[in-house]
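A look at the structure
Each chain is listed here by its residues.
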Amino acid sequence: MPFVQEETVNELYPMIFKRKSFHTFRSGEPLKATDLQAIQERCSSLQPLVSTIRISFRIVPQSATTCPQGEYCILIYSEKKPLHLQNAGYLGEQLDLWLAAQNIGCCWYGMGKIEENSVDGLDFIIMLTIARQEEASFRKDYRKAKRKEIGEIWEGVELPEVASVVRYAPSACNTQPWKVTATDQTLHVERVGGRRGIMPAHVVPYYNRIDIGIFLLFLDLCLAHEGIAFDRNFSEETAEYTLHC
Ligand SMILES: Cc1cc2nc3c(=O)[nH]c(=O)nc-3n(C[C@H](O)[C@H](O)[C@H](O)COP(=O)(O)O)c2cc1C
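Note that the coordinates shown come from a computational prediction; the quantities given were computed from them, not determined experimentally.

1. Things to note about the pattern of salt bridges
Following the criterion strictly, the structure yields 14 salt bridges and no others. Salt-bridge contacts for Glu135 lead to Lys18; the nearest nitrogen and oxygen are separated by 3.0 Å. Of the two residues, Glu135 is situated in the loop between strand S5 (122-132) and helix H5 (150-153) and Lys18 in helix H2 (residues 15-18); the sequence distance between them amounts to 117 residues. For Glu237, the salt bridge identified is with Arg191, shortest N-O distance 2.7 Å. Of this pair, Glu237 sits in the loop between strand S9 (229-234) and strand S10 (238-244) while Arg191 sits in strand S8 (residues 186-191), and the two are 46 residues apart along the sequence. Classification of Glu237 by relative accessible area gives partly exposed; the value is 34%. Through salt bridges with shared partners, a single network forms among Arg191, Arg209, Glu236 and Glu237.

2. Re the pairing of S8
As defined by bridge partners, strand S7 (residues 178-182) adjoins S8 across five bridges and the pair is classed as antiparallel. The residue of S8 that forms the bridge with Val180 is Val189. Where S7 hands over to S8, the hairpin turn is made up of three residues, counted between the paired strands. In this sheet, S10 lies alongside S8 in antiparallel orientation, the contact comprising five bridges. Among the inter-strand pairings, Thr186 is bridged to a residue of S10, identified as Thr242.

3. Brief notes about the site of the ligand
Neighbouring the ligand are 20 residues; Arg19, Ser21, His23, Arg139 and Arg147 lie closest to it. Between an oxygen atom of the ligand and a side-chain N or O atom of His23, the distance comes to 2.8 Å. Here the ligand loses 86% of its free accessible area of 620 Å² to cover by the protein chains. Of the residues contributing to the shell around the ligand, the split by class is 10 nonpolar, five polar and five charged.

4. Points about the side chain of Thr65
Within the secondary structure, Thr65 is located in the loop between strand S1 (55-61) and strand S2 (72-78). A relative accessible area of 11% places Thr65 in the buried class. Engagement of the side chain of Thr65 in a polar contact is seen with the backbone nitrogen of Cys67, the distance being 3.0 Å. Residues within four places of Thr65 in sequence aside, it is in contact with Val60, Cys73, Leu75, Lys113, Ile114 and Met127.

5. Concerning unusual backbone geometry
For Asp120, which is not glycine, the phi torsion reads 50° and is therefore positive. For Asp120, the position within the fold is in the loop between strand S4 (118-119) and S5. Of note, the phi angle at Gln176 is positive, near 50°, even though the residue is not glycine. Mapped onto the secondary structure, Gln176 falls in the loop between helix H6 (160-166) and S7.

6. Some points on the sheet that holds S7
Reading across from one edge, S6-S7-S8-S10-S9 is the order of the five strands in this open sheet, with mixed pairing throughout. Each edge of the sheet is formed by a strand with only one pairing partner; in this case those strands are strand S6 (154-156) and S9. Each adjacent strand pair in this sheet contributes to an overall mean axis angle of 20°, direction not counted. Summarising the sheet, S6 and S7 pair through three bridges and their orientation is parallel. Directly across from Glu155, in S7, lies its bridge partner Thr181.

7. Some words on the packing of helix H4 (residues 84-101) against helix H7 (residues 204-225)
It is at 7 Å that the axes of H4 and H7 come closest, and there the two elements cross at 55°. Relative to H7, H4 is oriented oblique. For the crossing formed where H4 meets H7, the hand is right-handed. Of H7, the residues touching H4 (which contributes Leu85, Gln86, Gly89, Tyr90, Glu93, Gln94 and Leu97) are Tyr206, Arg209, Ile210, Ile212, Gly213, Ile214, Leu216, Leu217, Phe218, Asp220 and Leu221. Tallied by class, the residues present in the contact of H4 with H7 amount to 11 nonpolar, four polar and three charged.

8. Here we look at helix H3 (residues 33-44)
The first and last C-alpha atoms of H3 sit 17 Å apart over 12 residues, in line with the 16 Å expected at 1.5 Å per residue. Among the residues of H3, Asp35, Leu36, Ile39, Arg42 and Cys43 are the ones counted as buried. Projected down its long axis, H3 shows its buried positions confined to an angular sector of 120°, all on one face. More than 90 degrees from the buried face of H3, the exposed residues found are Ala33, Thr34 and Ser44. In this fold, the buried residues of H3 make contact with helix H1 (6-12), S1, S2, H4, strand S3 (104-109) and S5.

Here is what the cut-offs are and how they apply
Position labels on residues start from 1 in each chain and follow its written sequence. Since the coordinates come from a predicted model, pLDDT governs what is reported: local features require at least 70, and pairs of side-chain atoms require 80 or more to be given and counted, while whole-chain, interface and lining totals use all residues. Hydrogens are left out, water is left out, and the side-chain values use all remaining heavy atoms of the structure. Salt-bridge detection follows one rule: a side-chain nitrogen of Lys or Arg within 4 Å of a carboxyl oxygen of Asp or Glu. Numbering of helices and strands runs from the N terminus, with a helix taken as a DSSP run of H or I at least four residues long and a strand as a DSSP run of E at least two residues long. Buried residues are those whose accessible area, probed at 1.4 Å on protein chains only, stays under 20% of the maximum for their type, while exposed residues exceed 50% and partly exposed ones sit between those limits. Any two strands between which DSSP finds at least two bridges are classified as paired. Being near a molecule or strand, for a residue, comes down to having at least one heavy atom within 4 Å of it. What qualifies as a polar contact is a pair of N or O atoms within 3.5 Å, subject to a donor-acceptor requirement within protein and to the restriction that residues adjacent in sequence count only when both atoms come from side chains. For accessible areas, the Shrake-Rupley method is used with a probe of radius 1.4 Å. Any residue's cover is judged against the shown protein chains and nothing else. Charged residues are taken to be Asp, Glu, Lys and Arg, nonpolar residues to be Ala, Val, Leu, Ile, Met, Phe, Trp, Tyr, Cys and Pro, and polar residues to be all remaining types, Gly included. Residue contacts follow a heavy-atom distance rule, with two residues in contact if any of their heavy atoms lie within 4.5 Å. Axis lines are fitted to C-alpha atoms, over the contacting stretch for helices. Their N-to-C directions set the angle, which ranges from 0 to 180 degrees. Any angle that is under 35 degrees is reported as roughly parallel, and any over 145 degrees as roughly antiparallel; angles of 65 to 115 degrees are reported as roughly perpendicular and all others as oblique. Note: crossing handedness is left-handed where the near helix turns anticlockwise from the far helix by less than a right angle, and right-handed where it turns clockwise. Expected helix span is given by 1.5 Å per residue-to-residue step, counting one fewer step than there are residues. Directions from the helix axis toward the C-beta atoms define the arc.

In structure tokens:
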């Protein structure tokens, strides 16, 4: 059984090329109650990276947060366990891509704060800010998005269809803290340091673990899209994929 269902791959993979971070939103139609209900329902059916980690999503008006943008914010709360940040990234990115398919603009907002730092015993992890946007406001040419060169993020056996797409995963301050080392049958993914943009050094490991979860979702979607079956397991710093091809 694949980690991401075929239907989900068909729905989300094309959104890799359409999504972008809405650092500013154009004025658009307000989200309706039915939109908010659809988002909440989607939150309940996301595929986790680690199924034993309890997680919860809350949708609140943007004004209830310190986020200056958007109409609503989706707050991610999680149980604190090994890999909980990667799990939050993996889940939140499924939302980012799905929202693009609904023409709802989105931006991960790491800087955002909220008063309710704990809900049902779960800790606040991060938020995404959202607002409905015109289709034309989404990314037109993904190749223009600034990313590291493929050679910087992928070493060893080439898998061009995967490497050339997975590199477009979003990350905090565009740090792209990932490196893949490939053999014919395996992919070793590790979290790497280096760039940190305007982020204070002490928060980098936090956000970069969320980034790795986002990257693993992109990797799963790309492998599934290429029809490559795989098994995978994780530690806090690495992910090991065994490819069946
Ligand atoms: C975990 C995470 C946190 C982020 N936090 C912020 C933020 O606080 N403010 C912001 O404007 N953008 C934020 N971003 C958006 C990134 O800057 C953006 O994803 C990156 O520059 C790549 O651009 P793109 O998403 O348009 O492809 C965040 C992204 C991620 C993945």
